[in-house]
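The primary structure of each chain is shown beneath.
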Amino acid sequence: MVRTTAQGLGADDPFAPAAAAGIHRLAIPTPFAVGRVNVYLIEDEPLTLVDAGPNSGTSFDELQRGIAGLGHSLVDIELVILTHQHIDHLGLVSLVAAHSGAEVAAIDAAVPFVEHYSLEAQADDDFARDIMFRNGIPEDVVSALQSVSQAFRAWGARAHVTRVLRDGEDIGFGDRTLRVHHRPGHSPTDTVFHDRERRILLAADHLLKHISSNPLITRSLDGSGERPQALVTYLESLRKTREMDVDLVLPGHGDPITDHRSLIDERFALHRRRADKIHGLIAERPRSAYEIARAIWGNIAVTQAYLTLSEVLGHIDLLLNAGRVREVERNGVAVFEASG
Ligand SMILES: [Zn+2]
């Protein structure tokens, strides 16, 4: 295993510029397909962790070892900042806070989910089940996926948020200031943190280098029960991030991004192409979102059923908003047909 220390990073390590700015990446294992999650230790006053990793003994051990390798101890952590509600980032927050007495900071939108994790996760699963039935996913796939989700739930945990962050506010440190921006889309609570002086953006899963961030359809925060247009929201958030002056984006998974505008333009092009492809499939004949997902990806693993459905519905939303398709109902299932 590569030992990551402030002194030990080679010049060719993509995280070396971050380390030089006192931001150290700790890659914490997760049980998810995405692989390790990036937790960042900010060496400043207060000593801060950005995210904590999933709730498991292995992850906790690695987190403690990583912090020790940087010459600190878990009990020295004074602040934990949460980037969004997903359990690979959130699960260990409460354990870290319990051991260190650290403050826990999260954007206002995330507080209900974080504080009532089990209830909220169950409500998300119920919402997802309704969306899956509505969009033609067979009952056996839905119930298998619900079991998987239940099994994964213990990788998250509730945490008490002691400091509620607002969009646009500054978090002051001894040696830096991070501006808080709410950038929903991948989840309803995605938050990015901008060091304007150093032109660094802590972006978590809002922008990833190696994969496009999944605009997961998640129960909306207003409690309306309407299906939110997650991809539409995500693209609006990306447009705002594209305008930011940053040289280095530190993501929640994988390597840093040094040219965020090109990467965001690639993402825009990808989503345009995918929307056109889905429009083509719908123009051939009316189809449900599940039929479209099968036409694109073939046999879909149970664990991927909701991700791929979110992906398809996101692009259908773009087509619906542009007036290129319309939704009709067939035996209680939403079917999309071309309207121009
Ligand atoms: Zn993640």
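Structural data are supplied above this passage.
Okay, so let's go over this structure. (Residues numbered from 1 in each chain as written. Predicted model: local features only at pLDDT ≥ 70, side-chain atom pairs only at ≥ 80, totals over all residues. Heavy atoms only, no water.)

Some remarks on the side chain of His 181
Operational definition: Helix and strand assignments come from DSSP, with helices taken as H or I runs of at least 4 residues and strands as E runs of at least 2, each series counted from the N terminus. Working rule for contacts: check all heavy atoms of both residues, and any pair within 4.5 Å makes them a contact.
Here His 181 is to be found in strand E8 (residues 177-182). Setting aside residues no more than four positions away along its own chain, His 181 makes contact with Asp 167, Asp 190, Thr 191, Val 192, His 194 and Met 244.

What to know about the side chain of Glu 120
The criterion, for reference: Whenever a nitrogen or oxygen atom comes within 3.5 Å of another N or O atom, the pair is scored as a polar contact, on the condition that within protein one atom can donate a hydrogen and the other can accept it, and that pairs from neighbouring residues in sequence are kept only if both atoms are in side chains.
Mapping Glu 120 onto the fold places it in helix H6 (residues 117-134). Reaching out from Glu 120, the side chain makes a polar contact with the side chain of Arg 219 at a distance of 2.7 Å.

Comments concerning the coordination of the zinc ion
For clarity, the threshold we go by: Counted as donors are N, O and S atoms no farther than 2.8 Å from the metal, or 3.2 Å for Na, K and Ca; water is not among the atoms, and sites may therefore look incomplete. All geometry calls rest on donor angles, where a four-donor set with angles between 85 and 135 degrees is tetrahedral, four- and six-donor sets with opposite donors more than 155 degrees apart and all others between 65 and 115 are square planar and octahedral, and all else is irregular. When accessible area is computed with a 1.4 Å probe and restricted to protein chains, residues below 20% of their type maximum are described as buried, those above 50% as exposed, and intermediate ones as partly exposed.
Around the zinc ion, the protein contributes the donor atoms Asp 88 (OD), His 89 (NE2), Asp 205 (OD) and His 253 (NE2), which lie 2.0 to 2.5 Å from the metal centre. Considering all four donor atoms around the zinc ion, angles at the metal cover 85 to 167° and the coordination shape is irregular. When the donors of the zinc ion are listed by position in the chain, the intervening gaps give D-H-x115-D-x47-H. On the criterion of sequence distance, the pair formed by His 89 in helix H3 (residues 87-90) and Asp 205 in the loop between strand E10 (200-204) and helix H8 (230-242) is long-range, its members being 116 residues apart. Look at His 89 and you get buried, because its relative accessible area is 0%.

Some thoughts on the sheet that holds strand E14 (residues 333-338)
The condition that has to hold: Only strands that DSSP links by at least two bridges are regarded as paired with each other.
A sheet is described by the order of its strands in space; here three strands give the open sequence E12-E14-E13, paired in antiparallel fashion. Because the sheet does not close on itself, it has two edges, and the strands there are strand E12 (287-288) and strand E13 (325-330). In terms of strand pairing, E13 meets E14 through six bridges, oriented antiparallel. Bridging across to E14, Arg 326 finds its partner in Glu 337.

Regarding the sheet that holds strand E5 (residues 103-107)
Rules: To define axes, lines are fitted to C-alpha atoms, for helices over the stretch in contact only, and angles between the resulting N-to-C directions are given on a 0 to 180 degree scale.
Within the open sheet, the six strands sit side by side as E1-E2-E3-E4-E5-E6. Their pairing is mixed. Across the chains shown, the open sheet's two edge strands, defined by having one partner strand only, are strand E1 (23-28) and strand E6 (163-165). Neighbour to neighbour, the strand axes of the sheet diverge by 25° on average, direction disregarded. Of the strand pairs in this sheet, strand E3 (residues 48-50) and strand E4 (residues 79-81) are connected by three bridges, and their pairing is parallel. Following the sheet pairing, Leu 49 is matched in E4 by Val 80. Against the sheet, helix H2 (residues 57-69) engages E1, strand E2 (37-42) and E3, with an angle of about 155° to E1.

Things to note about the environment of His 271
With respect to the element layout, His 271 can be found in helix H9 (residues 260-284). Sequence-wise, His 271 and Arg 285 are 14 residues apart; in three dimensions their C-alpha atoms are separated by 21 Å. Contact partners of His 271, with chain neighbours within four places excluded, come to Leu 231, Leu 235, Glu 311, His 315 and Leu 318.

Here we look at the packing of helix H10 (residues 289-297) against helix H11 (residues 305-321)
For clarity, the threshold we go by: Roughly parallel covers angles under 35 degrees, roughly antiparallel covers those over 145, roughly perpendicular covers 65 to 115, and oblique covers all other angles. Amino acids outside the nonpolar list (Ala, Val, Leu, Ile, Met, Phe, Trp, Tyr, Cys, Pro) and the charged list (Asp, Glu, Lys, Arg) are all regarded as polar, and Gly is one of them.
Between H10 and H11, the shortest axis-to-axis distance is 9 Å and the interhelical angle comes to 110°. As judged from the angle between their axes, H10 and H11 are roughly perpendicular. Residues Ala 289, Tyr 290, Ile 292, Ala 293 and Trp 297 of H10 touch H11, and the partners they reach there are Thr 308, Leu 309, Glu 311, Val 312, Leu 313 and Ile 316. Across the contact of H10 with H11, the residue classes tally to nine nonpolar, one polar and one charged.

Notes on H6
Applicable threshold: Multiplying 1.5 Å by the helix residue count minus one yields the expected span of that helix. As used here, the arc belongs to the directions running from the helix axis to the C-beta atoms.
Over its 18 residues, H6 extends 25 Å from the first C-alpha to the last, a length consistent with the 26 Å expected when each residue adds 1.5 Å. Here H6 has its buried residues at Tyr 117, Glu 120, Ala 121, Asp 124, Asp 125, Phe 127, Ala 128, Ile 131 and Met 132. Buried residues of H6, viewed axially, fall in a sector of 165°; they line one side. On its buried side, H6 packs onto H3, helix H5 (111-115), helix H7 (139-152) and H11. Once H6 ends, the next one or two residues include Gly 136, with phi positive near 90°.

Description of the packing of H9 against H10
Quick reminder of the rule: Definitions for this section: a left-handed crossing has its near helix turned counterclockwise from the far helix by less than a right angle. A right-handed crossing has that turn clockwise.
Interhelical geometry of H9 versus H10 gives an angle of 110° and a closest axis separation of 11 Å. As summarised for this structure, H9 and H10 are arranged roughly perpendicular, according to the angle between their axes. Both H9 and H10 take part in a crossing whose hand is right-handed. On H10, the residues touching Arg 274, Lys 277, Ile 278, Leu 281 and Ile 282 of H9 are Ile 292, Ala 295, Ile 296 and Trp 297.

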